Amino acid sequence: MDAADERGFREFVSARSPALMRLGYLLAGGDQHAAEDLVQAALAKLAVKWKRVDAPEAYVKQVMYRQQISWWRTASRRPEVIQARLPESPGLDRTHQSELRMVLREALAKLTPRQRTVLVLRYFEDLPDTEVAKELGVSVGTVRSTAHRSLARLRELSPELARELETVS
């Protein structure tokens, strides 16, 4: 990589890292360390192919999705990740929206990796069912049924989200 390419890569990383970390955090179910690993692995693969990639952000997201899928398949071989629980009731200075985010984050972490990934791709990334199916290598029907069951599970895990999720179904 020459100096100009390195500068372009560094600018891309600086500009897009926060958004990529948010996506990684959601894909990793709220595990900050796993999100960092996911983003770092994707950026390392991008660095190798920097000159040949026309759409770096799309490439990195694709690598992140596929890496997450690969990680779920080997999840049984990895040790369990222990996470701190969110407080039962937020402080008085918290807004309703912040409270909902925390509840949603906790509920997402309780879903299976596949359920979480389908919801992230479908509702956070706003991909149509056909694109989600293509990304995950499953049928459109599988995406739809997984999304339906995942939303039902979120309602079950966090009844306070039920009203918010009614607009999604």
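Look above for the structure.
Conventions used here
- Residues numbered from 1 in each chain as written.
- Predicted model: local features only at pLDDT ≥ 70, side-chain atom pairs only at ≥ 80, totals over all residues.
- Heavy atoms only, no water.
- Axes fitted to C-alpha atoms, helices over the stretch in contact; angles between N-to-C directions.
- Helix = DSSP H or I, 4+ residues; strand = E, 2+ residues; numbered from the N terminus.
- Parallel < 35°, antiparallel > 145°, perpendicular 65-115°, else oblique.
- Left-handed = near helix turned anticlockwise from the far one by under 90°.
- Contact = heavy atoms within 4.5 Å.
- Nonpolar A, V, L, I, M, F, W, Y, C, P; charged D, E, K, R; others polar.
- Phe/Tyr/Trp six-rings, centres within 6.5 Å; stacked < 30°, edge-to-face > 60°.
- Buried < 20%, exposed > 50% of the residue type's maximum accessible area, 1.4 Å probe, protein only.
- Lys NZ or Arg CZ within 6 Å of the ring centre and 35° of its normal.
- Expected span 1.5 Å × (residues − 1).
- Polar contact = N/O pair within 3.5 Å; in protein donor to acceptor, adjacent residues only side chain to side chain.
- Salt bridge = Lys/Arg side-chain N within 4 Å of Asp/Glu carboxyl O.

### Digging into the packing of helix H1 (residues 3-27) against helix H2 (residues 32-49)
Next up, step 1: Taken N-terminus to C-terminus, the directions of H1 and H2 make an angle of 140°; their axes are 9 Å apart at the nearest point. With respect to each other, H1 and H2 are oriented oblique. In this structure, the crossing between H1 and H2 has a hand that is right-handed. Of the residues in H2, those touching H1 at Phe9, Phe12, Val13, Ser17, Leu20, Met21, Gly24, Tyr25 and Leu27 are Gln32, Ala35, Glu36, Leu38, Val39, Leu43, Leu46 and Ala47.
Next up, step 2: Split into classes, the residues belonging to the contact of H1 with H2 amount to 13 nonpolar, 3 polar and 1 charged.

### Here we look at the packing of aromatic side chains
Next up, step 1: Within the structure shown, the criterion is met by 2 aromatic pairs.
Next up, step 2: Ring centres 5.4 Å apart and planes at 80° place the aromatic pair phenylalanine 9 and tryptophan 50 in the edge-to-face group. Highlighted residues: phenylalanine 9 in helix H1 and tryptophan 50 in the loop between H2 and helix H3 (56-73), separated in sequence by 41 residues.
Next up, step 3: Where phenylalanine 12 meets tryptophan 50, the ring centres are 5.9 Å apart and the plane angle is 45°; that geometry is what we call tilted. Of this pair, phenylalanine 12 sits in helix H1 while tryptophan 50 is found in the loop between H2 and H3, placing the two residues 38 residues apart along the sequence. Both residues of the pair, phenylalanine 12 and tryptophan 50, count as buried.
Next up, step 4: In this structure an aromatic cluster arises from ring pairing among Phe9, Phe12 and Trp50.
Next up, step 5: Against the face of tyrosine 123 rests arginine 122, its NZ or CZ located 5.4 Å from the ring centre.

### Describing H2
Next up, step 1: Taking 1.5 Å of rise per residue, the 18 residues of H2 would be expected to cover 26 Å, and the 26 Å separating its terminal C-alpha atoms lies within 8% of that figure.
Next up, step 2: Where H2 begins, the side chain of aspartate 31 points an oxygen toward the backbone nitrogen of histidine 33, at a separation of 3.1 Å.

### Describing unusual backbone geometry
Next up, step 1: Its identity is not glycine, yet aspartate 126 carries a phi of approximately 60°, on the positive side.
Next up, step 2: Positionally, aspartate 126 belongs in the loop between helix H5 (113-124) and helix H6 (129-136).
Next up, step 3: Judged by its relative accessible area of 58%, aspartate 126 falls in the exposed class.

### Some details on the pattern of salt bridges
Next up, step 1: In the structure shown here, the tally under the stated rule is 9 salt bridges.
Next up, step 2: One salt bridge in this structure joins glutamate 57 and arginine 16, with 2.8 Å as the shortest N-O distance. Of this pair, glutamate 57 sits in helix H3 while arginine 16 is found in helix H1, placing the two residues 41 residues apart along the sequence.
Next up, step 3: A residue is classified by how much of its surface remains accessible, and glutamate 57, at 22% relative accessible area, is partly exposed.
Next up, step 4: The closest approach of N and O atoms between arginine 144 and aspartate 129, which form a salt bridge, is 2.9 Å. Here the residue arginine 144 occupies a position in helix H7 (residues 140-157), and aspartate 129 occupies one in helix H6, the gap between them amounting to 15 residues.
Next up, step 5: Judged by relative accessible area, aspartate 129 falls into the buried class, the value being 16%.
Next up, step 6: Linked through salt bridges whose partners overlap, the residues forming this network are Arg16, Glu57, Lys61 and Glu125.

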